[in-house]
Amino acid sequence: MGRHGPRGGAGDPMVADYLVHAGERSHNLEELSRRYLGHQVIPITDLIGKKARGQVQLSMDQVPTARVAEYSGEDADVAWQLRGKLAPLLTEKHQEKVFFEIECPLLPVLVAMESEGVTLDTGALADFSQKLARGILSLEQRI
């Protein structure tokens, strides 16, 4: 999938794996590479360090260009190889239409959300949670 999915469409191997194995496991690129290709990718923490109290993570512009190029090239190659592994599974699970007509067109929305972030109204969520809890309790009592 990567930049060119099966049949030439844009796609994302993590989304494709989710459609094939929804709710069964992790769908990150590192895990998919290990599972489908038997390959351990370069962890991002090898470049920028681990996020921990008292430690400062680097930003990608602070990492030597050659390392960023190796990391990025590997990600692109892995995504390309995964398309060959996941395309037949999408077909087998009858998920091609969902992938190409629903998921792929929504990828720019996901990218924008990751880039911009989202704001949650935690107060409203807490109120809604209480309302649902009361509704569940009422249903349990009726049952």
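Residues numbered from 1 in each chain as written. Predicted model: local features only at pLDDT ≥ 70, side-chain atom pairs only at ≥ 80, totals over all residues. Heavy atoms only, no water.

**Student:** Which parts of the structure should I look at to understand the pattern of salt bridges?
**Tutor:** In a structure, side chains of opposite charge can pair up when their charged atoms sit close to one another. For the structure shown, the criterion picks out six salt bridges. Across the salt bridge formed by Glu 31 and Arg 34, the nearest N and O atoms sit 2.9 Å from each other. Here Glu 31 pairs with Arg 34, and both are found in helix H2 (residues 29–37), just three residues apart, close to one helical turn. The class of Arg 34 is partly exposed, set by a relative accessible area of 37%. In this structure, the salt-bridge partner of Glu 31 is Arg 35, at a minimum N-O distance of 3.3 Å. With Glu 31 and Arg 35 both in helix H2 and four residues apart, this pair spans about one turn of that helix. Relative accessible area serves as the criterion here: at 22%, Glu 31 is assigned to the partly exposed category. Each member of the salt-bridge network shares a partner with another, and the members are Asp 17, Arg 25, Glu 30, Glu 31, Arg 34 and Arg 35. (Salt bridge = Lys/Arg side-chain N within 4 Å of Asp/Glu carboxyl O. Helix = DSSP H or I, 4+ residues; strand = E, 2+ residues; numbered from the N terminus. Buried < 20%, exposed > 50% of the residue type's maximum accessible area, 1.4 Å probe, protein only.)

**Student:** What am I meant to see in the packing of helix H1 (residues 13–20) against H2 here?
**Tutor:** For any two helices packed against each other, one specifies the crossing angle of their axes together with the interaxial distance. One way to put it is that H1 packs onto H2 with a least axis distance of 10 Å and a crossing angle of 65 degrees. The angle between H1 and H2 places the two elements in the roughly perpendicular class. Of the two elements, H1 crosses H2, and the hand of that crossing is left-handed. Residues Pro 13, Met 14 and Asp 17 of H1 form the contact with H2, whose participating residues are Leu 29, Leu 32, Arg 35 and Tyr 36. Of the residues contributing to the contact of H1 with H2, the split by class is five nonpolar, no polar and two charged. (Axes fitted to C-alpha atoms, helices over the stretch in contact; angles between N-to-C directions. Parallel < 35°, antiparallel > 145°, perpendicular 65-115°, else oblique. Left-handed = near helix turned anticlockwise from the far one by under 90°. Contact = heavy atoms within 4.5 Å. Nonpolar A, V, L, I, M, F, W, Y, C, P; charged D, E, K, R; others polar.)

**Student:** I would appreciate a short explanation of the packing of H1 against helix H4 (residues 65–92) in the present structure.
**Tutor:** It is at 10 Å that the axes of H1 and H4 come closest, and there the two elements cross at 25 degrees. As the angle between them shows, H1 and H4 are arranged roughly parallel. Two packed elements cross with a definite hand, and for H1 against H4 that hand is left-handed. Listed contacts from H4 to Pro 13, Ala 16, Asp 17, Leu 19 and Val 20 of H1 are Ala 79, Leu 82, Leu 86, Leu 89 and Leu 90. For the contact of H1 with H4, the per-class residue count stands at nine nonpolar, no polar and one charged.

**Student:** Quick question: what am I supposed to make of the packing of aromatic side chains here?
**Tutor:** In this description, an aromatic ring pair is defined by two values, namely the gap between the centres and the angle between the planes. Counting across every chain of the model gives one aromatic pair. Pairing Phe 99 with Phe 100 gives two aromatic rings, centres 5.1 Å apart and planes at 85 degrees, and the pair type is edge-to-face. Per residue, the accessibility class of Phe 99 equals that of Phe 100, and both read buried. Here the basic side chain of Arg 83 rests over the ring of Trp 80, its NZ or CZ set 4.4 Å away from the ring centre. (Phe/Tyr/Trp six-rings, centres within 6.5 Å; stacked < 30°, edge-to-face > 60°. Lys NZ or Arg CZ within 6 Å of the ring centre and 35° of its normal.)

**Student:** Help me understand the nonpolar core in this model?
**Tutor:** Across soluble globular proteins, you tend to see nonpolar side chains buried next to one another. Counting 17 residues, the largest nonpolar core has Tyr 36, Leu 82, Leu 86, Leu 90 and Phe 99 as its most contacted members. Of all the secondary structure elements, the ones that give two or more residues to this core are H1, H2, H4 and helix H5 (96–116). When residues of this core are assigned to their parent elements, the largest contribution, five residues, is made by H4. Ile 42, Ile 48, Val 63 and Tyr 71 belong to the second largest nonpolar core, which has five residues in total. (Core = buried A, V, L, I, M, F, W, Y, C linked by side-chain atoms within 4.5 Å.)

**Student:** Mind showing me how you'd approach unusual backbone geometry here?
**Tutor:** For residues other than glycine, phi is negative in most cases, and the peptide bonds are mostly trans. Phi at His 94 takes a positive value of approximately 55 degrees, unusual for a residue other than glycine. When you line up the elements, His 94 lands in the loop between H4 and H5.

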